[in-house]
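# Breakdown of the fold
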Amino acid sequence: MVPHKDGGANEGHSCVKGRFAFGYASHPDRVLAPMVRDSFADEWREVSWEEAISFTARRLREIQERHGAGSIGAITSSRTTNEEVYAVQKMVRAVFGNNNVDTCARVCHSPTGYGLKQTFGTSAGTQDFKSVAKADVILVIGANPTDGHPVFASRMKRRLRQGAKLIVIDPRRIDLVRSPHIEAAHHLQLAPGTNVAVVNAMAHVVVTEGLVDREFVQERCEDFAEWEAFIAGPEHSPEAVQEITGVPAEEVRAAARLYATGGNGAIYYGLGVTEHSQGSTMVMGMANLAMATGNIGRDGVGVNPLRGQNNVQGACDMGSFPHELPGYRHVSEDGARAVYEQLWGVPIQDEPGLRIPNMFDAAIDGSFRALFVQGEDIAQSDPNTQHVHAALAALDLLVVQDLFVNETAKFAHVLLPGTSFLEKDGTFTNAERRINRVRPVMAPRTGKQEWQIVCEIAQAMGYPMHYDSAAQIMDEIALTTPTFAGVSFAHLDAVGSVQWPCNEAAPDGTPIMHTDGFVRGRGRFVETVYVPTRERSTRKFPLILTTGRILSQYNVGAQTRRTANVAWHPEDLLELHPHDAEVRGITDGDMVALSSRVGRTTLRAVLSERMPVGVCYTTFHHPVTGANVITTDNSDWATNCPEYKVTAVQVALTPEQAAVREERLTRPVATAGE
Amino acid sequence: MDTVTQPPHVRLANDIAVQFAHRPPEEAAAAVAAHLRAFWEPRMTAALLAHAADGGAELDLVALRAAELLRAGS
């Protein structure tokens, strides 16, 4: 597959996943007919669409009648279209009668939503991808674009080769730190969990060394004086925090000076920022830094999340969060609710619903009894697998809409087969807020688009939800969401793509935000106190595990493991510093047991000096490894985004090494689809 | 009771409270209460209020005061 050169986001480029890994659409594992069963211990039974939909609707209503309106909910997917996501959140709000809808952004970029809304006024990155070509200093924090965002990484590297300076803040020595023709001016190799201390120290340098862009701050921002007094405190100086962060003070000072004075300073960040107990605080810390130096509101600057899936931005935009209606309007806003109440003809609840981790807790305590999961494998992707499995097993009804019988479907009572992107008709919105059409190249193999199935469930539950086409859903989105008011399939077909806000004030869209003023009026400085995570290394668990992704695989791998890409990454590996390996008698390639206070798994060790001493790293692409057996239920204080990036662990040669090796040799490797 | 065995509403409320601990206590409690009102589902808030009414074991003092503010509707 070769992308169109006129594509606004990628301009003809794709990574090894986009280019080669689409054969899963025709993989023999695809489920093409609906299936139901009374208990997840039973065998699946193939049924007609009518029976599956009526079974689902009847069980959902029965559960609500018995346990209350709030006893059911849904999770939307960042792999599905805006129209499919919108339909699910509408089903929850209009038909279920609650706000128990959440999305997989909960476990990745929900702190971005919180932090950027608090400071700038809206939950989105500030730039288009092209903007990096005008950056003079690029600050990459907690992201590994080479593996995680390779197409954007190519743009970034082009700019770096032209002479832009690079600062990397990451516990790992990622490829960007030094690779052919690229070398970071500064690598702040901090201890996991100390992001906020580092960004505060950089801001301290900016404030105390007279590097603040006072004209910008005075014209555009508020609460600066209080923040300035806070951040100037000696406890935030690089010297004061270097023992905590492990980063030499002079290195922090030099990096801060470069970012503040080197021309256009652009921040790009990933899940190494958000997936911490202070993920939201760190997002606000970066926003503070950008505002203080005037690096917001023009080409070449900004604060930009690098997102994990094709439609994370869109799923969030479409009202997937339990506290927000589409367009990031809080459910307590009477005016926003009135728009939907009038159109949908039902009252909308004015209090937040359950987030995904809250759903799990409520399932275990018995007050949450049924869950509809759209295209997400929470049993593999969410932290503390034992807790997740216990919650799923406790449900009276689990409905999974997916391409495959994934790990979550093993606990399900209904499996509604979904469509791949090759069969979808709709829109995706990428990290630069660009709304792009996705057009089907083949008819849905299941006979239905996913939004049609959701509408039919709603109808079977007694609510008249019907659309003739995905375009009609977008028309409703545009009608009800101010930032999408100018969006339609016809407009997208005419112009190719558009970046929201797209409305009367910005008919051609908005490539760069906050140019004249912030969405909230004035940019708000927020005091970001560093609070250490409660997850500490101990004698029993002396190492810190951090998790991430690899180039050839996509998240839990449900799709890419079913393509030839699996040849490049047949198993998850544990990267370990040679010193940590040596003291444990571990050599490269050994099978090791990885354990934390919540669980244990086995995987193969790879010795790597990319890791600092005391820190190890793995990916979570393979269910057989189950990396999330290890991760805990610690989460970001504001959003409950899991703290995937800091888990105290022990690594040891496993006594069952021979058995593990044998198991690995006989482990089935999925064959590629045609 | 440690963080592993604490009920989620206690653990999560404490996580929020510690973020505001640098502010004067009454201001911090008001900020925590506002956050809970904006982001917590009512049954979680109810569980927190019940825990607070039952003595608030292991509940951060700021979180405990936030629960009082929520109960009072302020």
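The preceding data block contains the structure.
Residues numbered from 1 in each chain as written. Chains lettered and ligands numbered in written order. Predicted model: local features only at pLDDT ≥ 70, side-chain atom pairs only at ≥ 80, totals over all residues. Heavy atoms only, no water.

## Some thoughts on empty space enclosed by the protein
Residue and element names in this part refer to chain A. This is how the line gets drawn: As defined here, a cavity is a set of points on a 1 Å grid over the protein atoms alone where a 1.4 Å probe fits but cannot get out. A pocket is an open set with protein on both sides within 12 Å along at least five of seven lines, and residues line them when an atom is within 4 Å of a point. Grid points are joined across faces, edges and corners, and a volume is the space filled by probe spheres set on the points. Residue type decides the class: Asp, Glu, Lys and Arg count as charged, Ala, Val, Leu, Ile, Met, Phe, Trp, Tyr, Cys and Pro as nonpolar, and the leftover types, Gly among them, as polar.
If you walk through the whole model with that rule in mind, you get 5 cavities of 30 Å³ or more. Quantified by volume, the largest cavity comes out at close to 200 Å³. What lines the largest cavity is a set of 19 residues, among which Val-107, Ser-381, Arg-549, Asn-555 and Phe-620 lie closest to the centre. A class-by-class count of the residues in the lining of the largest cavity yields 7 nonpolar, 7 polar and 5 charged. By volume, the second largest cavity is sized at about 70 Å³. Around the second largest cavity, the lining residues are Gly-193, Thr-194, Asn-195, Val-196, His-276, Ser-277, Gln-278, Gly-279, Met-282, Tyr-530, Val-531 and Glu-643.

## Some details on the interface of chain B and chain A
Quick note on the threshold: Contacts between residues were defined by any pair of non-hydrogen atoms, one from each residue, lying within 4.5 Å. Note: buried area is the sum, over both parts, of the accessible area (probe 1.4 Å) each one loses when the two are combined. In what follows, salt bridge is the name for a side-chain nitrogen of Lys or Arg lying within 4 Å of a carboxyl oxygen of Asp or Glu. Whenever two N or O atoms come within 3.5 Å, that pair is a polar contact, provided that in protein one can donate a hydrogen and the other can accept it, and provided that, for residues adjacent in sequence, both atoms are side-chain atoms. Numbering of helices and strands runs from the N terminus; a helix is a DSSP stretch of H or I covering at least four residues, while a strand is a stretch of E covering at least two.
Taken together, the contacts link 20 residues of chain B with 28 residues of chain A. Both sides of the chain B and chain A interface together cover about 2000 Å² of buried area, and 53% of this is carbon and sulfur. Three residues, Gln-19, Phe-39 and Arg-43 of chain B, lead the burial of chain B against chain A; their summed loss comes to 32% of the area buried on that side. On inspection of chain B and its partner chain A, the count reaches 2 salt bridges. Across the pair Arg-11 of chain B and Asp-633 of chain A runs a salt bridge, and its minimum N-O distance is 3.9 Å. Linking chain B with chain A are 8 residue pairs in polar contact (both at pLDDT 80 or more), by the criterion used here. Mapped onto the side of chain B that touches chain A, the elements with two or more residues apiece are helix H1 (8–19), helix H2 (25–39) and helix H3 (42–53) of chain B. For the side of chain B that touches chain A, the leading source of residues is H1 of chain B, giving 7 residues. The class makeup of the residues in the side of chain B that touches chain A is 11 nonpolar, 4 polar and 5 charged.

## Topic: the environment of Thr-261 of chain A
Residue and element names in this part refer to chain A. As a reminder of what qualifies: Accessibility here uses a 1.4 Å probe with only protein chains present; expressed as a share of the type maximum, an area under 20% marks a residue as buried, one over 50% as exposed, and anything in between as partly exposed.
Along the chain, Thr-261 falls in helix H11 (residues 249–261). Note on Thr-261: relative accessible area 54%, which makes it exposed. Separated by 147 residues in sequence, Thr-261 and Tyr-114 have C-alpha atoms that sit 28 Å apart.

## Examining the sheet that holds strand E22 (residues 543–548) of chain A
For the record, the criterion: Note on pairing: two strands pair once DSSP finds at least 2 bridges between them. Convention adopted: a line fitted to C-alpha atoms gives each axis, helices being fitted over their contacting stretch, and angles between N-to-C directions are expressed from 0 to 180 degrees.
Taking strand neighbours around the barrel as the criterion, the 6 strands line up as E22-E26-E23-E25-E24-E27 (chain A) in a closed arrangement whose pairing is mixed. Strand-to-strand twist of the sheet, defined as the mean angle between neighbouring strand axes without regard to direction, takes the value 45 degrees.

## Considerations on the nonpolar core
Nonpolar side chains in soluble globular proteins generally cluster together in the buried interior. The following threshold applies: The criterion is simple. A nonpolar core is a set of buried Ala, Val, Leu, Ile, Met, Phe, Trp, Tyr and Cys residues joined through side-chain atoms within 4.5 Å.
In this structure, Phe-96, Phe-372, Leu-416 and Ile-457 of chain A are the most contacted members of the largest nonpolar core, which totals 67 residues. When residues of this core are assigned to their parent elements, the largest contribution, 9 residues, is made by helix H3 (residues 82–96) of chain A. Counting residues in each nonpolar core, the second largest holds 55 residues, with Ala-412 and Leu-415 of chain A together with Ala-67 and Leu-69 of chain B among its members.

## Considering the packing of aromatic side chains
To keep it simple, the criterion reads: Pairing of aromatic side chains requires ring centres within 6.5 Å, counting the rings of Phe and Tyr and the six-membered ring of Trp. Pairs whose planes differ by under 30 degrees are stacked, by over 60 edge-to-face, and all others tilted. For a Lys NZ or an Arg CZ to count as sitting over a ring, it must be within 6 Å of the ring centre and within 35 degrees of the ring normal.
Taken as a whole and judged by the stated rule, the model has 15 aromatic pairs over all chains. Geometrically, the ring pair formed by Trp-637 of chain A and Phe-20 of chain B is edge-to-face, given 5.6 Å between the ring centres and 90 degrees between the ring planes. Placement of Trp-637 of chain A in the loop between strand E26 (615–619) and strand E27 (647–653) and of Phe-20 of chain B in the loop between H1 and H2 is noted, with the two residues assigned to different chains. Note on accessibility: Trp-637 of chain A and Phe-20 of chain B belong to one class, buried. Over the aromatic face of Trp-44 of chain A sits the side chain of Arg-37 of chain A, whose NZ or CZ is 3.8 Å from the ring centroid. A cation sits over an aromatic face here: Arg-433 of chain A above Trp-500 of chain A, 6.0 Å from the ring centre.

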